[in-house]
Amino acid sequence: MASAKDIRNQIKAVQNTSKITKAMELVAASKMRKAQNRARDAKSYAEGIERIIHNLMQSHPEYAHPFLVERPQVNRVGVIVVSTDKGLCGGLNSNVLRHALGLMREQQVKIDVLTIGRRGAAFMRRFGANSLGSREEISDAPVIGDIIGLTKIAMNHFIDGKLDRIFLVSSEFINTMTQRPKVVQLLPCPEVREPTHSGYWDYLYEPESREVLDGLLTRYVESLVFNAVIENKACEHSARMVAMKSASDNAKDIIKDLRITYNKARQAAITQEIAEICAGSAATS
Amino acid sequence: MSVPVLVATAEREVYRGDADFLVAPGAAGELGIMPNHAPLLSALKPGELRVHVGDHIDEVFISGGFIEVQPNMITILADSAERATDIDEAAALEATRKAEDGEANRNGDIDYARASSELAIAAARLDWLRKKKRH
């Protein structure tokens, strides 16, 4: 049995750890609230632009933008993976990365990846995937400028025909306890499954259909990626808070167990001492 | 008769509600849109968006973006937007000055296109405020 002093040191160490996890839990909780609000506020734009693209896919524009046309032959696929920069957030990153890996294994063709977040970048490097670009250390209040470089690379590769299809893999925020990995086809824009506008029609464009569609579709891609980043932040802080809370709870349990062991050891030592004294006095009397 | 309108920027929702009539700063000139308008897709330039609801007019300054019109829905995706009530003339003036500086200082390494588009936004915003003041 370990001595009372060893156990005391152990308790101290666990207490220190639990102080840290408790502090991280509190920090994550306050960041989480802000990140969740941000994710909620940004939803309107993303939903608006998705609805527009959904409508656009059902119209019959005279100008067939490359983003709207499914290619008959897919030779190379791009995957954009959104992960966090820091760890200690439960299974969030491993879930997303496992999903991304599953998607990559399904493809019969060569794959290029673009990563957002250091965790994803490190994983893809280890895995040996060919990376076209990476964006790391995005602040807690992301702005659209943070991801424009990366989306530009992706879109240019798509337009040049170096990529024929691009997927976006990210975490979907359900609630504080639940985050789910999500895969969407970013480019070309996915085909409409449930038509809402039937018949042969087209928009009136101002100024020119080409100009409007170029601008709008660029915005669409940026907005989807940006929304994934914002949602990922909400997921990250939520997952971290939950992970840190359970770590603090675990530490509390361990301390409780150690306390009992410590008291037992202390009492055993006292009992033994008394027994020795008694034995000594019995021998001399 | 009215039509639901949504005005949003990438960061937040600016306006959601029904409108009887709407005027937007289209890239090729002002667009007046009534309910049941034919489908329209247009770029927007910096300027004023007016949403008429009954006798009330809601004014939003937008710095460019896109508008999609469907007979039963109008969606405006703005790069940035400010309700008339939250915009401050001093801040607008400051922004114009900064943008002008940026344009004056262009010597190769400053992005001219960006500076002039910033100037266009700042100037449009200031014009709009001045017009408001006169009323």
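All residue numbers refer to position in the chain's written sequence, counted from 1. Written order determines the labels here, with chains lettered from A and ligands numbered from 1. Predicted model: local features are reported for residues with pLDDT of at least 70 only, side-chain atom pairs are reported and counted for 80 or more only, and whole-chain, interface and lining totals are derived from all residues.

Caption draft 1: A look at the domain arrangement of chain B. Residues and elements named next belong to chain B. Where each domain begins and ends is defined by an automated method or by a domain database. In terms of domain boundaries, chain B breaks down into domain 1 (3–84) and domain 2 (87–134). Here a strand is any run of E in DSSP of at least two residues, a helix any run of H or I of at least four, and the numbering for each starts at the N terminus. If you list the elements that add at least two residues to the side of domain 1 that touches domain 2, you get strand E5 (40–53) and strand E6 (56–70). It is E5 that contributes the most residues to the side of domain 1 that touches domain 2, 3 residues altogether. Gly is placed with the polar residues, together with every amino acid not listed as nonpolar (Ala, Val, Leu, Ile, Met, Phe, Trp, Tyr, Cys and Pro) or charged (Asp, Glu, Lys and Arg). Of the residues in the side of domain 1 that touches domain 2, the class split is 3 nonpolar, 2 polar and 2 charged.

Caption draft 2: A look at the environment of alanine 28 of chain B. Checked against the element boundaries, alanine 28 of chain B lands in the loop between strand E3 (21–26) and strand E4 (29–33). The spatial distance from the C-alpha of alanine 28 of chain B to the C-alpha of serine 42 of chain B is 8.6 Å, given a sequence separation of 14 residues. In this description, a residue-residue contact is defined by the distance between C-beta atoms placed from the backbone, which must lie within 7 Å. Beyond its immediate stretch of four places on either side in the chain, alanine 28 of chain B contacts Glu206 and Pro207 of chain A.

Caption draft 3: Highlighting the pairing of E6 of chain B. All names here are of chain B. Note: E5 against E6, 13 bridges, orientation antiparallel. Bridged to histidine 52 within E6 is isoleucine 57. Where E5 hands over to E6, the hairpin turn is made up of 2 residues, of which glycine 54 adopts a positive phi near 60°. Here the rule is simple: two strands pair whenever DSSP picks up at least two bridges between them. As paired strands, E6 and strand E8 (residues 81–83) are joined by 3 bridges and run antiparallel to one another. Bridge pairing in E8 places phenylalanine 61 opposite glutamate 82. Bridge analysis of E6 against strand E7 (residues 73–78) gives 6 bridges, and the strand direction is antiparallel. Residue glutamine 70 lies in a different strand from E7, and its bridge partner there is methionine 73.

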